[in-house]
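# Survey of secondary and tertiary structure
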Amino acid sequence: MFSLPWLELSRFKRHTITRLAIIVVAVIPAIYGGLYLASNWAPTDNLDQLKAAVVNTDEGAERPKSDGEELHAGDELVDQITPEGEGGFDWQETSAKEAEDGLAEGEYFAVLEIPSNFSERLVSTGGNDPDQAGLNLRTDDAHNFIVGQVAGTILNEIKSSLNATTTAEYVSEVYLGFNDIHSSTEQAVDGASQLNDGAVDLHDGTGELSDGAHTLDEGVGTLQTGIGDLDDGAGELVTGSGDLKTGADTLATGTTEAKNGAKKLSTGAGQVADGTSQLRDTADEATDKAEDLRDRADDLVEGARPKLDRAEEDFDSAHETVTGDMDERVAQLREDYPDDPNVAKLAEDMDNLGGDLDEAHGRASNAADEAKDLEDPVKDAVDDVMGKIKQADQKIGTLDDGAQKVSTGADDLHSGLIELDTGAGDLADGAGDLHDGTIKLKDGTEQAKTGVADLKDGSSQLADGSDELDKGAKKLVDGSGELADKLAEGLKQIPTYDKSDRENRSDVVAMPVDAEKVKDNAVDAYGEGLAAFFVSLALWIGGMITYMVINAIPYRALMSSAKSTRIAWAGYVPGILFGVAQVAVLYGVLSFALDFSVGSWVWTLLFSILVAASFHSVHQLCVAALGGVGRLIALVLLMVQIASAGGTYPVETAPGIFQIISPFLPMTHAVEGLRALIAGGDMFIAAQSAVVLLLMTAICLVATVLVCGRKRTVTLTQLHPSLSL
């Protein structure tokens, strides 16, 4: 069964070039698939290697209701995207001229222009005239179309981020506005409650006002009656005041006469007072002299007593001297001179002297005693005289005091009569004024009667108006109470939000739909997603190369007795062996060079071998049946399958003709099966694709057998082909 295929393969052992051909056949699909997948492995991961310019002309703007806080959204956007890898491209802030030149020259793949009113329009969302803020992204398809598409995606991401942030800030302000509304409504509720309380007080006041107005009206009625009585009284007062004026004039005349009499009385009393005053001075002088006399008498008495005592003592001393020492000396002189007449005379004189002294001493003692006896009567007499003098002086003083009082009283009476006269004059004037005033009062009371009548009408109107006002106040109480209740109910329906709640709600409202892309059986890289297409393409090319190197069928065997089945098998087995080698080399390169991974290596390798076997059967059939034209048809099939296999975009996006022929082409099923196996998808799809590929392989092999049968008959066309490739 394998002798003929091995015989076909054995010819590749003869020369080095044929051996190298085997290697080339095995390696070419790997080179093709590896290069294509390597170049498209992860292009989006390397966008940061593409330079892009950002031109920021934003002038900033003041945030509404922020007390001067400014927004520089352009600067924030530049700071956000310019860090390497943060904004998709390698964004560099440049001038407009540099960006223009760089885009034209291909230095920059995209230019993001931030207009001068960017921040102004962003903050306008919180004002009365909101306007959309615009960004302008420019690309040049003349340099790369795909980059333009990618830049558009990046612009959408930037726009979504800005929209979310701006919307969140706007919604946050809205929620903050709810807090303000709640606070204001709460104040309105308090105000309405206070209004209701005030209305209740007003109603109470209007009730009291109504009662007071009616009381006033009644009082005005009473006043009206009183004013009438007052008018009558005023008339009587006019008459009385006239009489009073006459009496006051008479009183003034009498007080004038009394004033003149009092003046004369005052003059006489003054003269009496002057006389008594002089008498009092004389009495005082006599008293003083009597006092002086008594003092002198006392001094005389007091001064005579010691003189009398000393004289008595002197008489005693002289008597003792004369009667003692002098007697002894006289006696001594008598004894000495007994005959001497002088001595005798002296002795006699001494005796007489002694007698005289004794008599003088006695008279002095008597005089002293008499002086002592006269001392007290003298004092009593003097004191009696002094008492009478003082009594007389006191009476004179009393008389003088009375005279002075009479004089003063007369003066006071005169002064009082002067004032009384003045007062009587004033009274007369006042009575005249009072009479004039009462006349005016009478006129006023007549006018008051008219005014009170008007006041009575006004008080009646006030009473009626206060009743109406009380009814209005009652309505105001009801209305303000209802307003307070409704505002309180409305306040409960106005939500409030704290900072965290406001931020959370703002974020949710800003992005109400959070779309999350979930990939089932996701691949690791863009290249792995295209691997099914490029592997299939590589194996198709591998099949083409294989049957460029080897014969589709061993043509010499056609001349033998070997069966066509064996001949076709002999041409197919080398091809499938090359296909297996191509699969091995291809996945080896992908695995080690590109870190390629699959869901199941075993089934992927087996399915890839099946793909290679199917493709080789097609190529064998094409070449066996048509020779060089068959290779051309294989090339045409390659181009048709690239367009209809759905390798890059789903075939449903291709024109209808490609959708029609797609199920009948092996690469379509190869791509579907490999895609499911590489990504780890539904194995039924892989199994279904494997069945289709097996069926196509079988059909191609059967057809090749039939071709081999036909090849055994040499036709004229075969001997002289019209076209040979």
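Residues numbered from 1 in each chain as written. Predicted model: local features only at pLDDT ≥ 70, side-chain atom pairs only at ≥ 80, totals over all residues. Heavy atoms only, no water.

A count of helical and extended segments in the chain gives 16 helices and six strands. By the compact-globule yardstick of 27 Å for 725 residues, the chain is too spread out, its C-alpha radius of gyration being 79 Å. Dimensions of the chain, computed from C-alpha atoms along their principal axes, come out at roughly 250 × 120 × 50 Å. Counting across all 725 residues of the chain, residues that qualify as buried make up 34%. A separation threshold of at least 6 residues defines the contact pool for the chain, and within that pool the share at least 24 residues apart is 83%. Across the chain, the centroid of the 54 positively charged side chains sits 21 Å from that of the 121 negatively charged ones. (Helix = DSSP H or I, 4+ residues; strand = E, 2+ residues; numbered from the N terminus. Rg over C-alpha atoms; globule rule 2.2 N^0.38 Å. Buried < 20%, exposed > 50% of the residue type's maximum accessible area, 1.4 Å probe, protein only. Contact = heavy atoms within 4.5 Å. Lys, Arg positive; Asp, Glu negative; His and termini not counted. Charge placed at Lys NZ, Arg CZ, Asp CG, Glu CD.)

A separate point is the nonpolar core. In terms of nonpolar packing, the biggest core is built from 66 residues, with Leu37, Leu537, Leu539, Leu590, Phe596, Phe607 and Met667 touching the most fellow members. Contributing elements (two or more residues each) for this core: α2 (16-39), α9 (526-549), α10 (564-593), α11 (601-626), α12 (628-644), α14 (666-679) and α15 (683-711). Here this core gets 14 residues from one element, more than from any other, and that element is α9. Looking at which domains feed residues into this core, each of domain 1 (1-41) and domain 4 (523-712) supplies at least three. Those residues within four positions of Leu539 in sequence are excluded, and the remaining contacts are Gln582, Val583, Leu586, Ser608, Val611, Ala612 and Phe615. By size, the runner-up hydrophobic cluster in this structure holds 25 residues, among which are Leu50, Ala52, Ala61 and Ile158. (Core = buried A, V, L, I, M, F, W, Y, C linked by side-chain atoms within 4.5 Å. Domains from an automatic or database assignment.)

A few words now on the pattern of salt bridges. For the coordinates displayed, the defined rule picks out 13 salt bridges. Residues Arg138 and Glu100 are paired through a salt bridge, measuring 2.7 Å at the closest nitrogen-oxygen approach. Of this pair, Arg138 sits in strand β6 (residues 136-139) while Glu100 sits in helix α4 (residues 96-105), and the two are 38 residues apart along the sequence. When salt bridges that share partners are traced, they join Glu100, Glu113 and Arg138 into one network. (Salt bridge = Lys/Arg side-chain N within 4 Å of Asp/Glu carboxyl O.)

Moving on: the UniProt feature "transmembrane region" (unreviewed entry) in the chain. UniProt records the feature "transmembrane region" (unreviewed entry) at residues 20-38, 530-555, 567-590, 596-615, 622-643 and 683-708, using the numbering of this structure. From the first C-alpha to the last, residues 20-38 spans 25 Å; its make-up is 100% helix and 0% strand. Overall, residues 683-708 shows 100% helix and 0% strand. The separation of its end C-alpha atoms is 36 Å. (UniProt positions renumbered as here; feature names shortened; annotations may be inferred.)

On to the environment of Leu665. Relative to the helices and strands, Leu665 resides in the loop between α13 (656-661) and α14. Placed 275 residues apart in sequence, Leu665 and Lys390 show a C-alpha to C-alpha distance of 177 Å.

Moving on, we come to α11. The terminal C-alpha atoms of α11 lie 37 Å apart, and with 26 residues this matches the ideal 38 Å at 1.5 Å per residue to within 8%. Note on α11: the residue one or two positions beyond its end, Gly627, has a positive phi of about 70 degrees. (Expected span 1.5 Å × (residues − 1).)

Reading across from one edge, β4-β1-β5-β6 is the order of the four strands in this open sheet, with mixed pairing throughout. Strands with a single pairing partner mark the edges of an open sheet, and in this sheet they are β4 (90-93) and β6. The sheet shows a mean angle of 25 degrees between the axes of neighbouring strands, taken without regard to direction. Sheet analysis places strand β1 (residues 51-56) next to strand β5 (residues 110-114), joined by five bridges and oriented parallel. Considered in β5, the bridge of Ala53 is made with Val111. (Pairing = 2+ DSSP bridges. Axes fitted to C-alpha atoms, helices over the stretch in contact; angles between N-to-C directions.)

Moving on, we come to the domain arrangement of the chain. By a frequent convention, interface size equals the accessible area lost on bringing the separate parts together. Each domain of the chain was delimited in the assignment, giving domain 1 (1-41), domain 2 (44-181 + 494-520), domain 3 (236-484) and domain 4 (523-712). Placing a centre on the C-alpha atoms of domain 1 and another on those of domain 3 gives a separation of 169 Å.

The next subject is the confidence of the model for the chain. Confidence in the prediction for the chain averages 81 pLDDT; 93% of positions are at 70 or higher. Helix α16 (residues 716-719) is the least confidently modelled element of the chain, averaging 63 in pLDDT, while α11 averages 92, the highest of any element. (pLDDT = per-residue confidence, 0-100.)

With respect to the helices and strands, Gln404 occurs in helix α7 (residues 341-493). Among the residues examined, Gln404 registers a relative accessible area of 30% and is labelled partly exposed. Note: C-alpha distance between Gln404 and Ala304 (100 residues apart in sequence) is 46 Å. Among all residues touching Gln404, those that are not within four sequence positions of it are Ala273, Thr276 and Ser277.

Considering the arrangement of structural elements, one finds Asp58 in the loop between β1 and β2 (61-62). On the accessibility criterion, Asp58 (13% relative accessible area) is buried. Sequence-wise, Asp58 and His15 are 43 residues apart; in three dimensions their C-alpha atoms are separated by 74 Å. The contacts of Asp58, once residues within four sequence positions are left out, are His72, Ala73, Gly74, Ile114, Pro115, Ser116, Asn117, Phe118 and Ser119. Of the polar contacts made by the side chain of Asp58, one reaches the backbone nitrogen of Gly60; its length is 3.3 Å. (Polar contact = N/O pair within 3.5 Å; in protein donor to acceptor, adjacent residues only side chain to side chain.)

Quick look at a nonpolar patch on the surface now. Together, Val602, Trp603, Leu606 and Met683 make up a nonpolar patch on the protein surface, roughly 420 Å² of accessible area in all. Broken down by element, the nonpolar patch gets its largest block of residues, three residues, from α11. Inspection of the secondary structure puts Leu606 in helix α11. On the basis of relative accessibility, which here comes to 47%, the residue Leu606 falls in the partly exposed class. (Patch = residues over 30% accessible without salt bridge, like charges linked within 9 Å, V, L, I, M, F, W, Y side chains within 5 Å. Areas by Shrake-Rupley, 256 points an atom, 1.4 Å probe, with all protein chains shown as cover.)

This part takes up the side chain of Ser210. Looking at the element boundaries, Ser210 is found in helix α6 (residues 145-336). Setting aside chain neighbours within four positions, we find Ser210 in contact with Ser466 and Asp467.

Here the focus is the packing of α11 against α14. Any two packed helices are characterised by how steeply their axes cross, that is the angle between the axes, and by the distance between the axes. As a packed pair, α11 and α14 sit with axes 10 Å apart at the nearest point and diverge in direction by 170 degrees. The angle between α11 and α14 places the two elements in the roughly antiparallel class. In contact with Trp603, Thr604, Phe607, Ser608, Val611, Ser614, Phe615 and Val618 of α11, α14 contributes Pro666, Met667, His669, Ala670, Gly673, Leu674, Leu677 and Ile678. By residue class, the composition of the contact of α11 with α14 is eleven nonpolar, five polar and no charged. (Parallel < 35°, antiparallel > 145°, perpendicular 65-115°, else oblique. Nonpolar A, V, L, I, M, F, W, Y, C, P; charged D, E, K, R; others polar.)

As a further point, take the packing of aromatic side chains. Within this structure, the stated rule accounts for seven aromatic pairs. Consider the rings of Trp569 and Tyr572, whose centres lie 6.2 Å apart with planes at 40 degrees: the pair is tilted. Here the residue Trp569 and the residue Tyr572 both occupy positions in helix α10, the gap between them amounting to three residues, near one helical turn. The partly exposed category is assigned to Trp569, whose relative accessible area is 27%. Owing to a relative accessible area of 5%, Tyr572 belongs among the buried residues under this scheme. Ring centres 6.0 Å apart and planes at 85 degrees place the aromatic pair Tyr587 and Trp601 in the edge-to-face group. Of this pair, Tyr587 sits in helix α10 while Trp601 sits in helix α11, placing them 14 residues apart in sequence. For Tyr587, a relative accessible area of 3% translates into the label buried. Residue Trp601 is classed as partly exposed on the basis of its relative accessible area of 32%. (Phe/Tyr/Trp six-rings, centres within 6.5 Å; stacked < 30°, edge-to-face > 60°.)

Let us now look at the packing of α11 against α12. It is the contact of α11 with α12, at a shortest axis distance of 6 Å, that shows an interaxial angle of 145 degrees. Like other packed secondary-structure pairs, α11 and α12 cross with a definite hand, here right-handed. Contacts from Val618, His619, Cys622, Val623 and Leu626 of α11 reach α12 at Gly628, Val629, Gly630, Arg631, Ile633, Ala634 and Leu637. When grouped by side-chain class, the residues that make up the contact of α11 with α12 number eight nonpolar, three polar and one charged. (Left-handed = near helix turned anticlockwise from the far one by under 90°.)

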